[in-house]
Amino acid sequence: MSLLLGACAQPKPEIREVRVPVPEVLPADAAARLLLAQHERLLKLSAAELGQEVAPRDDTKLTPAAATQLALALALHRGNGDLARAQGLLDQVLRDPTPEALPWQPLARLLQGRLAEQRRLEEQIDKLNQQARDSQRDNQRRLDQLNEKLEALKAIERSLNTRPAATKP
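Since the model is a prediction, treat every value here as computed from it, not as a measurement. (Residues numbered from 1 in each chain as written. Predicted model: local features only at pLDDT ≥ 70, side-chain atom pairs only at ≥ 80, totals over all residues. Heavy atoms only, no water.)

**Looking at the overall build of the protein**
- Helix and strand content of the protein: six helices and zero strands.
- Its helices and strands in sequence order give the protein the pattern α-α-α-α-α-α, from N to C terminus.
- Looking at the 169 residues of the protein, the share that counts as buried comes to 21%.
- Here the contacts in the protein between residues at least 6 apart in sequence split such that 61% fall between residues at least 24 apart.
- A total accessible area of about 13400 Å² is found for the protein, and carbon and sulfur atoms account for 58% of it. (Helix = DSSP H or I, 4+ residues; strand = E, 2+ residues; numbered from the N terminus. Buried < 20%, exposed > 50% of the residue type's maximum accessible area, 1.4 Å probe, protein only. Contact = heavy atoms within 4.5 Å. Areas by Shrake-Rupley, 256 points an atom, 1.4 Å probe, with all protein chains shown as cover.)

Right under this line is the structure:
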């Protein structure tokens, strides 16, 4: 009987310590995650709150992280002069030779390209709007000229109708 019970008994499981390697988070990955989180946070802000985020300050004393995040906020705010200010901040990050700036530089290049394209499109919109205004003014001028000619023709027609008929001798 003891042999049968011994055969049915399960051996004690051996417990081993398993170490799961924790992947190292690269500085560039951490920077990208921070910028994405900042973008999500900024999208949830009202216009007034976003305006407070981009309020004028001394931009020269910002860390590369803060400068890149402020440039992102300025790109979303789209106020007067915001794009130029954002591009200046990104230039500052790209020229920064410190190791702290290295993880932020690829993101700054990405944002800088986006801002350059946005600025180009806004200039194109301004140009098209000016062309539309000029065209509208030209059309109005032509319309006024045609109305003047029409009134002149009507005046001629009225003068012909009011002349007495010529009598035949």
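**Digging into helix H6 (residues 105–162)**
- Counted at 1.5 Å a residue, the expected span for H6 with its 58 residues is 86 Å, and the 84 Å between its end C-alpha atoms agrees.
- By the burial criterion, the buried members of H6 are Gln105, Leu107, Ala108, Leu111, Leu115 and Gln118.
- Looking at the buried side of H6, the elements it contacts are helix H2 (27–43), helix H4 (64–77) and helix H5 (82–95). (Expected span 1.5 Å × (residues − 1).)

**Digging into the nonpolar core**
- Counting 23 residues, the largest nonpolar core has Leu35, Leu70, Leu74, Leu89, Leu90, Trp104 and Leu115 as the members making the most contacts within it.
- Counting residues per element, the ones that place at least two in this core are H2, H4, H5 and H6.
- With seven residues, H4 is the largest single contributor of residues to this core.
- For Leu89, the contacting residues outside a window of four places in its chain are Asp59, Leu62, Ala67, Leu70, Ala71 and Leu74. (Core = buried A, V, L, I, M, F, W, Y, C linked by side-chain atoms within 4.5 Å.)

**A word on the packing of H5 against H6**
- Packing of H5 against H6 leaves a shortest axis separation of 9 Å and a crossing angle of 155°. Between H5 and H6, the interaxial angle falls into the category roughly antiparallel. For the crossing formed where H5 meets H6, the hand is left-handed. Judged by residue contacts, Leu83, Ala84, Ala86, Gln87, Leu90, Asp91, Val93 and Leu94 of H5 engage Gln105, Ala108, Arg109, Leu111, Gln112, Leu115, Ala116, Gln118, Arg119 and Glu122 from H6.
- For the contact of H5 with H6, the residue count by class is ten nonpolar, four polar and four charged. (Axes fitted to C-alpha atoms, helices over the stretch in contact; angles between N-to-C directions. Parallel < 35°, antiparallel > 145°, perpendicular 65-115°, else oblique. Left-handed = near helix turned anticlockwise from the far one by under 90°. Nonpolar A, V, L, I, M, F, W, Y, C, P; charged D, E, K, R; others polar.)

**Focus on a nonpolar patch on the surface**
- Nonpolar side chains collect at one region of the surface, where Leu153, Ile156 and Leu160 lie side by side and expose about 310 Å² of accessible area between them.
- As for its placement among the helices and strands, Ile156 is situated in helix H6. (Patch = residues over 30% accessible without salt bridge, like charges linked within 9 Å, V, L, I, M, F, W, Y side chains within 5 Å. Salt bridge = Lys/Arg side-chain N within 4 Å of Asp/Glu carboxyl O.)

**Focus on the packing of H4 against H6**
- In the contact formed by H4 and H6, the axes pass within 11 Å of each other and the chain directions differ by 25°. Taken together, H4 and H6 sit at an angle that is classed as roughly parallel. Considering the relative orientation of H4 and H6, their crossing is left-handed. Together, Thr68, Leu72 and Ala75 of H4 and Leu111, Arg114, Leu115 and Gln118 of H6 make up the contact between the two elements.
- The class makeup of the residues in the contact of H4 with H6 is four nonpolar, two polar and one charged.

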